[in-house]
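What the coordinates show
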Amino acid sequence: MAEVEKIADWFTREGIVRFEIEKGLVGGAAYDVHKTAISDADMARAQAADAVLLAAVGGLKWDAVPTKSAPKRGFCGFARI
């Protein structure tokens, strides 16, 4: 995601297009903080956005997490957008 931000920043600096980037947590990172694959606040932020860019969301660290809270469920939320 850091590399994508560099590209978006370049486009903005060059005046080609302006990006406003807001970050949220999805998947394992969200589970570690909120004990859910995506918080309601981050889902609302994603639903209000013009575009959503996701990076990797899971990993072996979260294999034992119950299915209803598993990091990969973060993708399921985006099906509602």
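Below you will find a few notes about this structure. Model, not experiment: these values are computed from the prediction. (Residues numbered from 1 in each chain as written. Predicted model: local features only at pLDDT ≥ 70, side-chain atom pairs only at ≥ 80, totals over all residues. Heavy atoms only, no water.)

**Here we look at unusual backbone geometry**
The condition is simple: Strands are runs of DSSP state E lasting at least two residues, helices are runs of H or I lasting at least four, and both sets are numbered from the N terminus onward. A simple rule labels every residue: compare its accessible area, found with a 1.4 Å probe on the protein chains alone, to the largest value its type can have, and call it buried under 20%, exposed over 50%, or partly exposed in between.
The phi torsion at Lys35 lies on the positive side, around 60 degrees, for a residue other than glycine. Within the element layout of this structure, Lys35 appears in the loop between helix 2 (28-34) and helix 3 (40-48). Overall, Lys35 belongs to the exposed group, its relative accessible area being 52%.

**Remarks on the pattern of salt bridges**
Operational definition: Should a side-chain nitrogen of Lys or Arg be within 4 Å of a carboxyl oxygen of Asp or Glu, the pair is scored as a salt bridge.
Throughout the structure, instances matching the rule amount to six salt bridges. The partner of Glu3 in a salt bridge is Lys6, with the nearest N and O atoms 3.1 Å apart. With Glu3 and Lys6 both in helix 1 (residues 2-13), this residue pair falls three residues apart, about one helical turn. For the pair Glu3 and Lys6, a shared accessibility class is recorded, and that class is exposed. Measuring nitrogen to oxygen at the nearest pair gives 2.5 Å for the salt bridge that ties Asp42 to Arg45. Within this pair, Asp42 and its partner Arg45 are both found in helix 3, separated by three residues, close to a single helical turn. Taking relative accessible area as the criterion, Arg45 reaches 33% and is therefore assigned partly exposed. Residues joined in a network through salt bridges with shared partners are Glu22, Asp42 and Arg45.

**Here we look at helix 3**
Here is the rule we go by: Each C-beta atom gives one direction from the helix axis, and the arc is the one those directions make.
Within helix 3, burial applies to Asp42, Met43 and Ala46. Looking down the long axis of helix 3, one finds its buried residues gathered within 100 degrees of arc, a one-sided arrangement. Away from its buried face by more than 90 degrees, helix 3 exposes Asp40, Ala41 and Ala48.

**Topic: the environment of Lys61**
Tracing the sequence through the fold places Lys61 in the loop between helix 3 and helix 4 (73-78). Residue classification places Lys61 among the exposed residues on the basis of a relative accessible area of 61%. For the pair Lys61 and Gly28, spaced 33 residues apart in the sequence, the C-alpha separation amounts to 8.1 Å.

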